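Architecture at a glance
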Amino acid sequence: VQLVESGGGLVQAGGSLRLSCAASGRTFSCFDLGWFRQAPGKEREFVAFISRNGGVTYYGDSVKGRFTISRDNAKNTVYLQINNLKPEDTAVYYCATGGSSHYRRLDDYDYWGQGTQVTVSS
């Protein structure tokens, strides 16, 4: 499975971005998916999870109410809508397949993209 993230960039605090993660290589609808992020000098942290049919979603505590994960299985793409961006959201954002057993744990995910940089200025 190959995952390619896009949509990152430089944005002012309070702004919005929509990140995309396009998948190829295997049947997309078979995978649960997650988004993680990693800020400089910090560990990679869980952001959001979506089940293979989109019916179940979970969010990290720091992003609840501002981030929305969704997917379009016909387009083999998962999205992360980010609203009301804060400087502390600055990080590289990664998508990954898996999370079916422990959606918050990095080691429960199999394939990872290369990440997309999000930088929020104050």
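Further up the page is the structure itself.
I will try to describe carefully the structure that is included in this document. (Residues numbered from 1 in each chain as written. Predicted model: local features only at pLDDT ≥ 70, side-chain atom pairs only at ≥ 80, totals over all residues. Heavy atoms only, no water.)

Side note on the pattern of salt bridges
- Taken as a whole, this structure holds six salt bridges when the rule is applied.
- The partner of glutamate 45 in a salt bridge is arginine 37, and the shortest N-O contact between them spans 2.6 Å.
- With a relative accessible area of 34%, glutamate 45 lands in the partly exposed category.
- The class for arginine 37 is buried, based on a relative accessible area of 5%.
- For the salt bridge of arginine 37 with aspartate 89, the shortest nitrogen-to-oxygen distance reads 2.8 Å. Of this pair, arginine 37 sits in strand E4 (residues 33-38) while aspartate 89 sits in the loop between strand E8 (77-82) and strand E9 (91-98); the two residues are 52 residues apart in sequence, bridging distant segments of the chain.
- On the basis of relative accessibility, which here comes to 0%, the residue aspartate 89 falls in the buried class.
- Here the salt bridges share partners, and the residues they tie into one network are Arg37, Glu45, Arg66 and Asp89. (Salt bridge = Lys/Arg side-chain N within 4 Å of Asp/Glu carboxyl O. Buried < 20%, exposed > 50% of the residue type's maximum accessible area, 1.4 Å probe, protein only. Helix = DSSP H or I, 4+ residues; strand = E, 2+ residues; numbered from the N terminus.)

As for the environment of lysine 86
- Residue placement: lysine 86 occurs in the loop between E8 and E9.
- Leave out the neighbours within four places in its chain, and lysine 86 touches Arg66 and Val120. (Contact = heavy atoms within 4.5 Å.)

Looking at the side chain of arginine 71
- Relative to the helices and strands, arginine 71 is located in strand E7 (residues 67-72).
- In this structure arginine 71 is buried but unpaired, with aspartate 32 as the nearest side chain of opposite charge at 5.2 Å.
- Polar contacts involving the side chain of arginine 71 include one to the main-chain carbonyl oxygen of phenylalanine 31, which spans 2.8 Å.
- At a separation of 2.8 Å, a polar atom in the side chain of arginine 71 contacts the main-chain carbonyl oxygen of serine 51. (Lys, Arg positive; Asp, Glu negative; His and termini not counted. Polar contact = N/O pair within 3.5 Å; in protein donor to acceptor, adjacent residues only side chain to side chain.)

Such coordinate-based values are descriptive only and should not be taken to indicate function.
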